[in-house]
Amino acid sequence: MPELSDTSSTLSVGERIKVLRESRGMSRPTLAQLCGRGPDWLKKIESGERELSSHTLLLRLAAALQLSDLSVITGNTEGPAAPVPLGRLNHPSMPAIWTAVMQRTMSPRTTSTADPAILQGRVDQSWRLWHTSEHNRTEVGSLLPDLIRDAEAAVRALDGEGRRAALVALSDVYRLTGQATAYVAPAELAWVVADRALSAAQDADQPAAIAAAAWNMGNILRETAYPEEALRVVNEAADLIRPHLDDAPDDWRGVYGALQLHAAVTAAREGREGDAWRYWGKGDQVAKSLPPAYVHPSTVFGRANVDFHAVSVATDLRKSQKALGLADDIDPDTMPSVERQARLWVEVARGHLQRGDRTAALHVMQMAHRIGAETVAYTPSARHVAADLWRSAPRAMRKEASHLAELVGVATG
């Protein structure tokens, strides 16, 4: 079987994958397993029955096929190479965070006093910084090592209700660590952080904390191409917290709503349109039951986030006209999270690209970068849009597309 370079440039993505797989003597089950999926999934990709729209899965396939350039699969050979990362994106905060997480002390608990209320206040303040800073990874990343150590120390130092409160704070710290290191942490750290967040919440025996940690675990599962496991985790967490909602604080309902939105996006990325909108509808009902101005402190669930997620669901389902229509009706300023605002504009840019309007996509991506520079620079979908624009922007926009790619850190050489 010839290598791909010897075949027609008109091959589809699925056909390219099949040629590459067979040229390497790989069976369909073997390649599918390397991507964390089943052989039926890969068969549908190769036959063209199913579209491969997940950038994460494209990278997994490219790595499994030992490719250094993603365009060998996508067929987009204009412009710069689209490198397949052998490692991960880098951020200067990672070494100190790695040390704090992976060099966890085993010494006995100390007798020093620790106030869990003060600790929780520091964690809450850090979550606010995550959602309001243009450079959230850098600013929050600088705080996390001390927060991790202090929260661990508080759990060791306290007993009874104080220890339970400290465990909730520790779970929140690890959830924030997961957010701040997404796409830059090595896989082993990402899984350790997600597991510790869930374990701490379970030790505290606090349903809302468990549900929030499950939301975080679902993010890790979905982004590492385990969508069914992600749905299972968030659905189990929703079942756990649901019986408590009638008399629960608003934040308990907020995290329940966030679980529904998480499931909606996960289902949409799998092409399950009915399930996606069903989950979104549940989240919408939760938002209607809360005060109009309500925003969950860490997940930012609320009326605005429900509306933002409708755009994401439509975009992931490749319903670009619907996505852009929904976006037209949104007032971004109702969302207090800079990070979430930037991600909204990335979704809108994806919608414009689906329609072939690269000029509009470039304009919107420039807005996204102005709002949340680090959100755009460290989110794979945003980097994928920036790279696509660099390769295919209209001639009059190439200088601006090149500048955006450089700002985002997409290789243009």
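Residues numbered from 1 in each chain as written. Predicted model: local features only at pLDDT ≥ 70, side-chain atom pairs only at ≥ 80, totals over all residues. Heavy atoms only, no water.

Helices and strands together make up the secondary structure of the chain, namely 21 helices and 0 strands. Here the chain has a C-alpha radius of gyration of 22 Å; the compact-globule value for 413 residues is 22 Å, and the two agree. Seen along its three principal axes, the alpha-carbon backbone of the chain occupies a region of about 70 × 45 × 40 Å. Looking at the 413 residues of the chain, the share that counts as buried comes to 54%. Sequence-distant contacts in the chain: of pairs separated by 6 or more residues, those separated by 24 or more amount to 65%. Accessible surface, the chain as shown: approximately 18,400 Å² in total, 51% of it carbon and sulfur. Distance between charge centres in the chain, computed from 46 positive and 50 negative side chains, equals 4 Å. (Helix = DSSP H or I, 4+ residues; strand = E, 2+ residues; numbered from the N terminus. Rg over C-alpha atoms; globule rule 2.2 N^0.38 Å. Buried < 20%, exposed > 50% of the residue type's maximum accessible area, 1.4 Å probe, protein only. Contact = heavy atoms within 4.5 Å. Areas by Shrake-Rupley, 256 points an atom, 1.4 Å probe, with all protein chains shown as cover. Lys, Arg positive; Asp, Glu negative; His and termini not counted. Charge placed at Lys NZ, Arg CZ, Asp CG, Glu CD.)

Our next topic: the packing of helix α17 (residues 338–354) against helix α20 (residues 380–392). Running from amino to carboxyl end, α17 crosses α20 at an angle of 40 degrees, the nearest separation of the two axes being 10 Å. Here α17 is positioned oblique relative to α20, judged by the angle of their axes. Between α17 and α20 the crossing geometry is left-handed. Of the residues in α20, those touching α17 at Val-346, Ala-349, Arg-350 and Leu-353 are Ser-381, Ala-382, Val-385, Asp-388 and Leu-389. Per-class residue counts for the contact of α17 with α20 are 6 nonpolar, 1 polar and 2 charged. (Axes fitted to C-alpha atoms, helices over the stretch in contact; angles between N-to-C directions. Parallel < 35°, antiparallel > 145°, perpendicular 65-115°, else oblique. Left-handed = near helix turned anticlockwise from the far one by under 90°. Nonpolar A, V, L, I, M, F, W, Y, C, P; charged D, E, K, R; others polar.)

Before going further, it helps to examine the pattern of salt bridges. Tallying each qualifying case throughout the model produces 27 salt bridges. Asp-239 is paired through a salt bridge with Arg-242; the nearest N and O atoms lie 2.9 Å apart. A relative accessible area of 45% places Asp-239 in the partly exposed class. Between Asp-307 and Arg-303 there is a salt bridge, and its shortest N-O distance comes to 3.0 Å. With Asp-307 and Arg-303 both in helix α15 (residues 303–316) and 4 residues apart, the pair spans about one turn of that helix. Given the relative accessible area of 28%, Asp-307 is considered partly exposed. Owing to a relative accessible area of 27%, Arg-303 belongs among the partly exposed residues under this scheme. (Salt bridge = Lys/Arg side-chain N within 4 Å of Asp/Glu carboxyl O.)

This paragraph deals with the packing of helix α14 (residues 273–289) against α15. Interhelical geometry of α14 versus α15 gives an angle of 170 degrees and a closest axis separation of 9 Å. It follows from the interaxial angle that α14 and α15 lie roughly antiparallel. Between α14 and α15, the residues in contact are Ala-276, Trp-277, Trp-280, Gly-283, Asp-284, Ala-287 and Lys-288 and Arg-303, Val-306, His-309, Ala-310, Val-313 and Ala-314, respectively.

A word on the layout of surface pockets. Each pocket or cavity is described by its volume, and for the second largest pocket that value is around 280 Å³. For the second largest pocket, the lining is made up of 16 residues, of which Asp-172, Arg-175, Asp-251, His-296 and Pro-297 are closest to its centre. (1 Å grid on protein atoms, 1.4 Å probe; cavity = no way out; pocket = protein on both sides within 12 Å on 5 of 7 lines; lining within 4 Å. Points joined across faces, edges and corners; volume = space filled by probe spheres on them.)

Right, let's talk about the environment of His-309 for a bit. You can see His-309 is positioned in helix α15. Taking the C-alpha atoms as reference, His-309 lies 8.2 Å from Ala-264; in sequence the two are 45 residues apart. Not counting chain neighbours up to four residues away, the residues in contact with His-309 comprise Leu-261, Val-265, Trp-280 and Arg-340.

Attention now goes to the nonpolar core. Grouped together as the largest cluster of nonpolar side chains are 116 residues, with contacts concentrated most on Ile-241, Phe-301, Val-313, Val-348, Met-365 and Leu-389. Not counting the four nearest positions on each side in its chain, Ile-241 is found in contact with Pro-207, Ala-208, Ala-211, Trp-252, Val-255 and Tyr-256. (Core = buried A, V, L, I, M, F, W, Y, C linked by side-chain atoms within 4.5 Å.)

Mapped onto the elements, Arg-24 comes out in the loop between α1 (13–23) and α2 (28–34). Considered as a pair, Arg-24 and Trp-390 are 366 residues apart in the sequence and their alpha carbons are 31 Å apart.

Glycine aside, negative phi is the norm for most residues, and most peptide bonds take the trans geometry. In this model, Asp-205 sits at a positive phi of 55 degrees, which is unusual for a non-glycine residue. When you line up the elements, Asp-205 lands in the loop between α10 (187–204) and α11 (207–223). Judged by its relative accessible area of 56%, Asp-205 is exposed. At Val-300, a residue that is not glycine, the phi angle is positive and equals roughly 55 degrees. When you line up the elements, Val-300 lands in the loop between α14 and α15.

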